[in-house]
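For reference, the chains in residue letters:
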Amino acid sequence: MKAESSAQKNNKTLTSIVIAALVVPFFVILYREYQTYSIFELNCGFFNFVVSRYNNPAFIVIDAALTLLLIFCIWLNINFYKRIKSSRIVAEMSSIANVPILILEADKTIYWSNLNKVEFFQGVNIEESVNALLTGKDATDKFAECLETGETQSYETEAKLLDKNYWLHISIAKIKYPSLKKLICVSISDISNLKEASERIENQQRELKMQNEMLTLITAQMEVQQAGIKEQNEILADQHKQLEHQAADLKNALDELEIRNKQITTKTNYITDSIKYAQTIQEAMLPDQQQMENFFDNFVVYRPKDIVSGDFYWLSVTENYTFVVLGDCTGHGVPGAFMSMIGIRILGELINEMKIDRPSIILETMHEKIQAALKQDITENNDGMDIAICRFKFVEDGENRKWELKYAGAKQPAYLKRKNSEETEIIEANRRGIGGQSYADIFFFEDKDCTLDIGDRIYLTSDGIKDQNNVMRKRFGTNRLKMMFSLTSTEKIQDQKIAVETLINNWQGLEEQRDDISLWGIELGDHALVPQM
């Protein structure tokens, strides 16, 4: 313990002087009376003096009053001394300017604090900050426990002071000094740096723990691998002898495998050649470019996903009309190609032989014939096709020359770009396919009539372009298709084909082609030519 301060010594000296100033006069007076009494009583003893004195009630009252006054003065000086000492404790606390200290009453009212001298409490509202620090659930529980048990409590909390976050360590303790026993001392320490260091240490410890676990795991794996290698070496030693016996069998198997590979290659080449020949047959059934150019300025983009295609386009010229058809059959490859050949055969039968000239009736009749051809009423076969049929007729009335278009579509719209319009129109199809499940009671095939001018363009296309995705897995879609037709329609019809193929190639990039792609673009001329069929 350190020696008492000079202020403490001065307080004790002052208290002793006050007590002496009260006690000494009392005994002096008592001694003078005793001397006086001894003179008259001829040196009687002190006991007789006391007995003789207190036989008089007046002296009893006087001496009792003096005694009580003396006791009161002593008590008063003791309390005065304690208060001075309490003030000295508070003064010593206030001298510690860098340690935030609060002295609170039991109801958390601030009795004394030096927070205004602490750097991170400068410029903030002390009462609001203290209230925020001591009103949380953890703080309330610790405060109540300190009041109840008298034991020191502590907790950590995060506080925002002047737009800066601090981690604070708060200690709560009852003051043991008697004169301050109803007060609570709260000390506040800034542990922000310590908290950051602790978190870094914890992170490092977690890292080290993970590394130790990884090392343990790797060690265990290596032990297992070593055991496995040892076991494998033993097995390999046994297998080595077996391999020597199997080498001859393996050579025979390799020879047989080579023979089978040659057979598979031969069969594959045979199948590929057959499909390529089927491609030749399929292309022979499609109108060639020269035939189509005898009647229309047009272009065709035709890209089978496999060698043969489920898409087809067809042209027929009758006595009064020219028919342009584009179909998209179920599937692609060989199955789609078979369906396309069935569709071409039925179209020729209906238009060229039976002379049916209304597109809607052609579609309805095709639906019935495909259902019958594939026996869809008794089988689970649901194959069919989406198809668009355009019937053109050139009308010349003096100088007024027009084209009449009658269109019907089974889930396959047509796109119309008039020469005097920037927008591409859609001629909607009926929501019903050809073949497969019948929706005749719900959806009907309808004919749609349009009058077109010379120079207008019609586009028929399958779903291949719209459904093609790019590297971002986005479909080309109907809106881009219309925009492509509008942007490229200013080109000559053959140049438009180059522009369209460039746009499709750029969109597809390195992505795989998803379906057969077919696009037929037709520009209406100023007169009707009869193609050389």
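Because the structure is a prediction, the values reported are computed rather than measured.

Definitions and limits used
Residues numbered from 1 in each chain as written. Predicted model: local features only at pLDDT ≥ 70, side-chain atom pairs only at ≥ 80, totals over all residues. Heavy atoms only, no water. Helix = DSSP H or I, 4+ residues; strand = E, 2+ residues; numbered from the N terminus. Buried < 20%, exposed > 50% of the residue type's maximum accessible area, 1.4 Å probe, protein only. Contact = heavy atoms within 4.5 Å. Areas by Shrake-Rupley, 256 points an atom, 1.4 Å probe, with all protein chains shown as cover. Salt bridge = Lys/Arg side-chain N within 4 Å of Asp/Glu carboxyl O. Pairing = 2+ DSSP bridges. Axes fitted to C-alpha atoms, helices over the stretch in contact; angles between N-to-C directions. Left-handed = near helix turned anticlockwise from the far one by under 90°. Nonpolar A, V, L, I, M, F, W, Y, C, P; charged D, E, K, R; others polar. Phe/Tyr/Trp six-rings, centres within 6.5 Å; stacked < 30°, edge-to-face > 60°. pLDDT = per-residue confidence, 0-100. Core = buried A, V, L, I, M, F, W, Y, C linked by side-chain atoms within 4.5 Å. Expected span 1.5 Å × (residues − 1). Arc of directions from axis to C-beta.

Section: the overall build of the chain
Turning to step 1, where the next piece is worked out: Of regular secondary structure, the chain possesses 12 helices and 16 strands.
Turning to step 2, where the next piece is worked out: The 533 residues of the chain split such that 35% are buried.
Turning to step 3, where the next piece is worked out: Long-range pairs, those at least 24 residues apart, make up 62% of the contacts in the chain between residues at least 6 apart in sequence.
Turning to step 4, where the next piece is worked out: Element-wise, carbon and sulfur atoms account for 55% of the exposed surface of the chain, whose accessible area totals about 32900 Å².

A few points about the pattern of salt bridges
Turning to step 1, where the next piece is worked out: Evaluated as defined, the whole model comprises 15 salt bridges.
Turning to step 2, where the next piece is worked out: Here Asp255 ties to Lys251 by a salt bridge, and the two come within 3.7 Å at their closest N and O atoms. With Asp255 and Lys251 both in helix 6 (residues 192-285) and 4 residues apart, this pair spans about one turn of that helix.
Turning to step 3, where the next piece is worked out: The class of Lys251 is exposed, set by a relative accessible area of 52%.
Turning to step 4, where the next piece is worked out: Of the charged contacts in the structure, one is a salt bridge between Asp463 and Lys466, with a shortest N-O distance of 3.6 Å. Grouping residues by exposure puts Asp463 and Lys466 together as buried.
Turning to step 5, where the next piece is worked out: Salt bridges sharing common partners tie together Arg345, Glu349 and Lys369.

Some details on the sheet that holds strand 1 (residues 101-104)
Turning to step 1, where the next piece is worked out: An order of 2-1-5-4-3 is seen for the 5 strands of this open sheet, with the pairing classed as antiparallel. Both outer strands of the open sheet, strand 2 (110-113) and strand 3 (153-161), are each paired with one neighbouring strand and no more. Between one strand and the next, the sheet's axes are offset by a mean angle of 25°, whatever the strand orientation.
Turning to step 2, where the next piece is worked out: For strand 1 and strand 5 (residues 184-190), the ladder comprises 4 bridges, and the chain directions are antiparallel. The partner of Leu102 across the bridge, within strand 5, is Val186.
Turning to step 3, where the next piece is worked out: Sitting on the sheet, helix 6 touches strand 3, strand 4 (164-174) and strand 5, and the angle it makes with strand 4 is about 105°.

Points about the packing of helix 11 (residues 477-488) against helix 12 (residues 493-508)
Turning to step 1, where the next piece is worked out: The geometry of helix 11 relative to helix 12 is characterised by a closest axis approach of 10 Å and an angle of 145° between their N-to-C directions. Remark: the crossing between helix 11 and helix 12 carries right-handed chirality. Here helix 11 contributes Arg480, Met484, Phe485 and Thr488 to the contact with helix 12, which in turn contributes Gln496, Ala499, Val500, Leu503, Ile504 and Trp507.
Turning to step 2, where the next piece is worked out: Residues of the contact of helix 11 with helix 12, tallied by class, amount to 7 nonpolar, 2 polar and 1 charged.

A closer look at the sheet that holds strand 6 (residues 297-303)
Turning to step 1, where the next piece is worked out: Reading across from one edge, 6-16-15-11-12 is the order of the 5 strands in this open sheet, with antiparallel pairing throughout. One side of each edge strand has no neighbouring strand; the edge strands of this open sheet are strand 6 and strand 12 (425-427). Averaged over all pairs of adjacent strands, the angle between strand axes in this sheet comes to 20°, irrespective of strand direction.
Turning to step 2, where the next piece is worked out: Of the strands in this sheet, strand 11 (414-417), strand 12, strand 15 (457-461) and strand 16 (517-523) are in contact with helix 11, which crosses strand 11 at around 35°.

Focus on the environment of Tyr321
Turning to step 1, where the next piece is worked out: Secondary-structure assignment places Tyr321 in the loop between strand 7 (311-317) and strand 8 (322-329).
Turning to step 2, where the next piece is worked out: Spatially, the C-alpha atom of Tyr321 lies 6.3 Å from that of Arg391, the residues being 70 residues apart in sequence.
Turning to step 3, where the next piece is worked out: Excluding residues within four positions of it along the chain, Tyr321 makes contact with Ser316, Asp357, Arg391, Phe392 and Lys393.

Brief notes about the packing of aromatic side chains
Turning to step 1, where the next piece is worked out: This structure, assessed with the given rule, holds 12 aromatic pairs.
Turning to step 2, where the next piece is worked out: Between Tyr459 and Phe485, the aromatic rings sit 4.2 Å apart at their centres with planes inclined by 5°, giving stacked as the arrangement. Taken together, the residues span a long stretch of sequence, with Tyr459 in strand 15 and Phe485 in helix 11 at a distance of 26 residues.
Turning to step 3, where the next piece is worked out: Taking relative accessible area as the criterion, Tyr459 reaches 0% and is therefore assigned buried.
Turning to step 4, where the next piece is worked out: For Phe485, a relative accessible area of 0% gives the class buried.

What to know about the pairing of strand 1
Turning to step 1, where the next piece is worked out: Because side chains alternate across strand 1, one face comprises the buried residues Ile101 and Ile103, and the other comprises Leu102 and Leu104, equally buried.
Turning to step 2, where the next piece is worked out: Pairing analysis gives 3 bridges linking strand 1 to strand 2, with the strands arranged antiparallel. The residue bridging Leu104 from the neighbouring strand is Ile110, located in strand 2.

A short note on the confidence of the model for the chain
Turning to step 1, where the next piece is worked out: Within the chain, residue pLDDT values average 80, and 79% of them lie at 70 or more.
Turning to step 2, where the next piece is worked out: This stretch, residues 1-5, has a pLDDT under 50; its non-local contacts, to residues over four places away or in other chains, come to 3 contacts.

Thoughts on the nonpolar core
Turning to step 1, where the next piece is worked out: Ranked by internal contacts, the top residues of the largest apolar core, which has 51 residues, are Phe312, Leu347 and Ile387.
Turning to step 2, where the next piece is worked out: Ranked by residue count, the leading element in this core is strand 9 (residues 384-397), at 7 residues.
Turning to step 3, where the next piece is worked out: Those residues within four positions of Phe312 in sequence are excluded, and the remaining contacts are Leu286, Val325, Leu326, Gly327, Cys329, Ser340, Gly343, Ile344, Leu347, Met385 and Ile387.

A few points about unusual backbone geometry
Turning to step 1, where the next piece is worked out: A positive phi angle is found at Lys355, which is not glycine, with a value near 60°.
Turning to step 2, where the next piece is worked out: Tracing the chain through its elements places Lys355 in the loop between helix 8 (333-353) and helix 9 (359-373).
Turning to step 3, where the next piece is worked out: A positive phi angle is found at Lys375, which is not glycine, with a value near 50°.
Turning to step 4, where the next piece is worked out: Looking at the element boundaries, Lys375 is found in the loop between helix 9 and strand 9.

Some details on the side chain of Thr322
Turning to step 1, where the next piece is worked out: Of note, Thr322 is situated in strand 8.
Turning to step 2, where the next piece is worked out: Its relative accessible area of 2% is what places Thr322 among the buried residues.
Turning to step 3, where the next piece is worked out: Once you skip the residues sitting within four places of it in the chain, Thr322 turns out to touch Phe295, Phe296, Leu315, Ser316, Val317, Cys390, Arg391 and Phe392.

Points about helix 5 (residues 137-149)
Turning to step 1, where the next piece is worked out: Across its 13 residues, helix 5 extends 18 Å between first and last C-alpha, which sits within 8% of the 18 Å expected from 1.5 Å per residue.
Turning to step 2, where the next piece is worked out: Every buried residue of helix 5 is listed here: Ala139, Phe143 and Cys146. Relative to the axis of helix 5, the buried residues are bounded by an arc of 65° and lie together on one face. Facing away from the buried side of helix 5 by more than 90 degrees, the exposed set consists of Lys137 and Glu148.
Turning to step 3, where the next piece is worked out: Immediately beyond the C-terminal end of helix 5, within one or two residues, lies Gly150, with a positive phi of roughly 80°.

Topic: the environment of Asn165
Turning to step 1, where the next piece is worked out: Locating Asn165 in the fold gives a position in strand 4.
Turning to step 2, where the next piece is worked out: For the pair Asn165 and Ser192, spaced 27 residues apart in sequence, the C-alpha to C-alpha distance is 8.4 Å.
Turning to step 3, where the next piece is worked out: Residue contacts for Asn165: discarding those within four places in its chain leaves Glu158, Ala159, Lys160 and Ser192.

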